[in-house]
Every structure is written in C-alpha cells, then in structure tokens.
Amino acid sequence: MQPHEISYLLDEAEHWVAVNRQAAKHDDRLAGLTQINAFFENSTRTLLSFEIAGKRLGADVVNMHAAQSSVKKGETLIDTAITLNAMRSDVIVIRHGSSGAVALIADKVDCPVLNAGDGRHEHPTQALLDALTIRRHKGSIAGLTVAICGDVLHSRVARSNILALTALAAEVRVVGPATLIPDAIEAMGAARFTDMDEGISGADVVMMLRLQNERMDGAFVPSPREYHALYGLTYERLKRAKPDALVMHPGPMNRGVEIASNVADDVNRSVIAEQVEMGVAVGGLQHERRPYHRKRGPRRSRQRHPDWQSFCFQGPDCREGS
C-alpha cells in the first residue's frame, strides 16, 4: 500500500474509535449480509475484533474453527474454500498457518477476503491498529524511531509493521538474537540490532514480540531465562528509550520472558490494552471500506477487489515474496 492509502485508512479508523466508545454502538449498515470468520489457528484478539466489528455493523457473523471442521477429516484448503463459497457469504475473514493461504482462498471464492494473518507472511490488520495507536499518542509517525524487539524471524506482525511504518517515514529497528532476525532484513528498510540496550536507545516506541515456539524447528535461544536476561524489556532497560516512549505488544504476552509484568501494566507507558481497542476500530473500518453492498440475485461471477480482497502492504496478491 502507498503512504497516502495507509494515512487515509488511519483517518477513517478514527470514526470507528469514536463509535466504539459510544453507549449505543450498533449500526445496521451491513444488515442482511453474512460474515464468515474462518480461523485455522488459535486466536483471541483478532477473532473477537472481527466478530465484534461485524456484529456491531449488523452482519450475521459465523465463526469456523478448524479444530471443529472437516479439515480434521482430511479436507484440503481448496475444498474448504469451495464449501465456504457455496454458502454465498458476503465476506470471509481468514487466518491460516501457511503463508499465501489467504491469497489461495481469495482466488477460489466470489466474495472479498480479509487477511487476519497468514503464516510468517503478513498480519495487515495488526499493523494498521499499531500505526493507529502510535499516531493517536504521538500525533505523527514520520520521524519516529520504532524498535521491534524479539522473535522477528517468525513474526508476520513484524513484517507488516516494518512495511507500514517505513512507508509512513518512521525509522524502524529490529532487535533480537541473530538467530531470530531474518537475513537481509535491511532490504525491507529496517536496521538490525543484536544488542537490546543499543537497539532501544532513544526509541519513541518499543514494540515487543513473543517467542513463537510453535513455529520454531530447533533451538533458537538457550532458555527463556537467558532470553529474558538479554532481551526482556524491564524498567531498567526501558530507561534507555525516550522518557515518553510507548510500550507495545501485539499479544499474547509471555510475562517474564519478553516483557516484565510491571512494564506491561504501566498505565503511563504501556498501550497494550489500547491496541486491543484499536483492533475493533480497524475491524469496523475494513468492513466499511470494502465493496460489500450488492444486490442479491443470481450467483455473481468471480471478480477481484484489489483494494481489500487480499489486503496487505506488499502487493495486491499477498503472496510471500511478491
């Protein structure tokens, strides 16, 4: 996505922040439309954000969990996509453990598809809500120094945030053990740091990432205790960042590993809970800004929606390496 497109979406999201803070939050603009949340990985924040956003807009929301679906019986991803398509949903929200799965499904269905995270590839909604959170506190993202710390290698959140924040003219640093930083990360516009103290020095935002043990094949760190000693965010270490630096985490947190509890719970520095709130606003934004509204009638022909069908920051198809 281009910088002006990201900025436009952040501007539009402000409306949904205000709506979600009202006593009466319901809006019927999506009444009669069906939203399927097809999550092939576990999720709390992203799933609930899309579910709440859809329901507040009046859509009929159905959650499909892979553990309770025919996937467990050997059904392929393409067959699952064909099945969902036959149900004539109006939008499908996908989270999948394989990079490129969202684009594959988008090619097989007639309705728009929203990317709620695919493998190590991208998590565009998280990057949008993170950018929105930062901008609300700092006024502008341009010129800020953002340190993304932890397991960058396995993180789709890091990938999307690097793309979004560098597009908005932030200086992005990735900080972590050499084993957990991808090769040639500099090609994405981020600076590499393997020393935590040096990496967060003078930072405006410190964004922590958890160790994604479920994606690791082998030992990438000696132990959680040693990792915390070298790369965990403690109050003593946070002093190296700017005095008003924000502390962020996409969740779920592993307290005592990548972040100390007293730092995560600091109401003056931590905006972790606010990130969750912004997730609901971004969910509402995505439902509003994509081409939902169409008359019901004969089965519609397959058509691409370049702005939203495979929404990501690196290209219209969201395929890894594109």
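The rules we used
- Residues numbered from 1 in each chain as written.
- Predicted model: local features only at pLDDT ≥ 70, side-chain atom pairs only at ≥ 80, totals over all residues.
- Heavy atoms only, no water.
- Helix = DSSP H or I, 4+ residues; strand = E, 2+ residues; numbered from the N terminus.
- Buried < 20%, exposed > 50% of the residue type's maximum accessible area, 1.4 Å probe, protein only.
- Contact = heavy atoms within 4.5 Å.
- Axes fitted to C-alpha atoms, helices over the stretch in contact; angles between N-to-C directions.
- Parallel < 35°, antiparallel > 145°, perpendicular 65-115°, else oblique.
- Nonpolar A, V, L, I, M, F, W, Y, C, P; charged D, E, K, R; others polar.
- Pairing = 2+ DSSP bridges.
- Core = buried A, V, L, I, M, F, W, Y, C linked by side-chain atoms within 4.5 Å.
- Left-handed = near helix turned anticlockwise from the far one by under 90°.
- Salt bridge = Lys/Arg side-chain N within 4 Å of Asp/Glu carboxyl O.

In terms of helices and strands, the protein chain carries 11 helices and nine strands. When each of the 322 residues of the protein chain is scored for burial, the buried share is 54%. Here the contacts in the protein chain between residues at least 6 apart in sequence split such that 74% fall between residues at least 24 apart.

Turning next to the packing of helix α1 (residues 3–20) against helix α5 (residues 124–138). As a packed pair, α1 and α5 sit with axes 10 Å apart at the nearest point and diverge in direction by 75 degrees. The orientation of α1 with respect to α5, classified from their angle, is roughly perpendicular. Each of I6, S7, L9, L10, D11, A13, E14 and V17 in α1 lies in contact with α5, whose residues at this interface are L128, A131, L132, R135 and R136. Taken together, the residues of the contact of α1 with α5 break down into eight nonpolar, one polar and four charged.

What follows covers the sheet that holds strand β8 (residues 205–208). Sheet architecture is open: five strands sit in the order β7-β6-β5-β8-β9, paired in parallel fashion. Of all strands in the sheet, those with a lone pairing partner are β7 (190–193) and β9 (246–248), marking the two edges. Taking the axes of each pair of neighbouring strands and ignoring which way they run, one obtains an average angle of 20 degrees across the sheet. Judged from the four bridges that link them, strand β5 (residues 145–149) and β8 form a sheet pairing that is parallel. Bridge pairing links A147 to V206 in β8.

Let us now look at the nonpolar core. L10, I141, I148 and L165 are the most contacted members of the largest nonpolar core, which totals 45 residues. Sorting the residues of this core by element identifies α1, α5, β5, α6 (156–167), β6 (171–175), β8, β9 and α11 (272–289) as the ones contributing at least two each. Considering each element in turn, this core owes the most residues, seven residues, to α1. Setting aside its immediate chain neighbours within four residues, L10 contacts L128, A131, L132, R135, I141 and L168. Counting 26 residues, the second largest nonpolar core, distinct from the first, contains L180, Y231, V247 and A260.

Once that is clear, we can look at the packing of α5 against α6. α6 packs onto α5 with a crossing angle of 50 degrees between their chain directions and a minimal axis gap of 8 Å. On the basis of their axis angle, the class for α5 and α6 is oblique. Crossing of α5 over α6 shows right-handed handedness. Touching P124, Q126, A127, D130, A131 and I134 of α5 are V157, S160, N161, A164 and L165, all from α6. Class assignment for the residues of the contact of α5 with α6 results in seven nonpolar, three polar and one charged.

Once that is clear, we can look at the pattern of salt bridges. Between side chains of opposite charge, a pair can form as their charged atoms come close. Evaluated as defined, the whole model comprises 15 salt bridges. Note that R21 and E277 form a salt bridge whose closest N and O atoms lie 2.6 Å from each other. Taken together, the residues span a long stretch of sequence, with R21 in the loop between α1 and β1 (34–39) and E277 in helix α11 at a distance of 256 residues. Where R173 meets E171, a salt bridge forms, and the shortest distance between an N and an O atom there is 3.2 Å. Residue class for R173 comes out buried when judged on its relative accessible area of 11%. Classification of E171 by relative accessible area gives partly exposed; the value is 39%. Within this structure, E14, R136 and E274 form a network of salt bridges that share partners.

As far as function goes, none of this settles anything; it's purely spatial.
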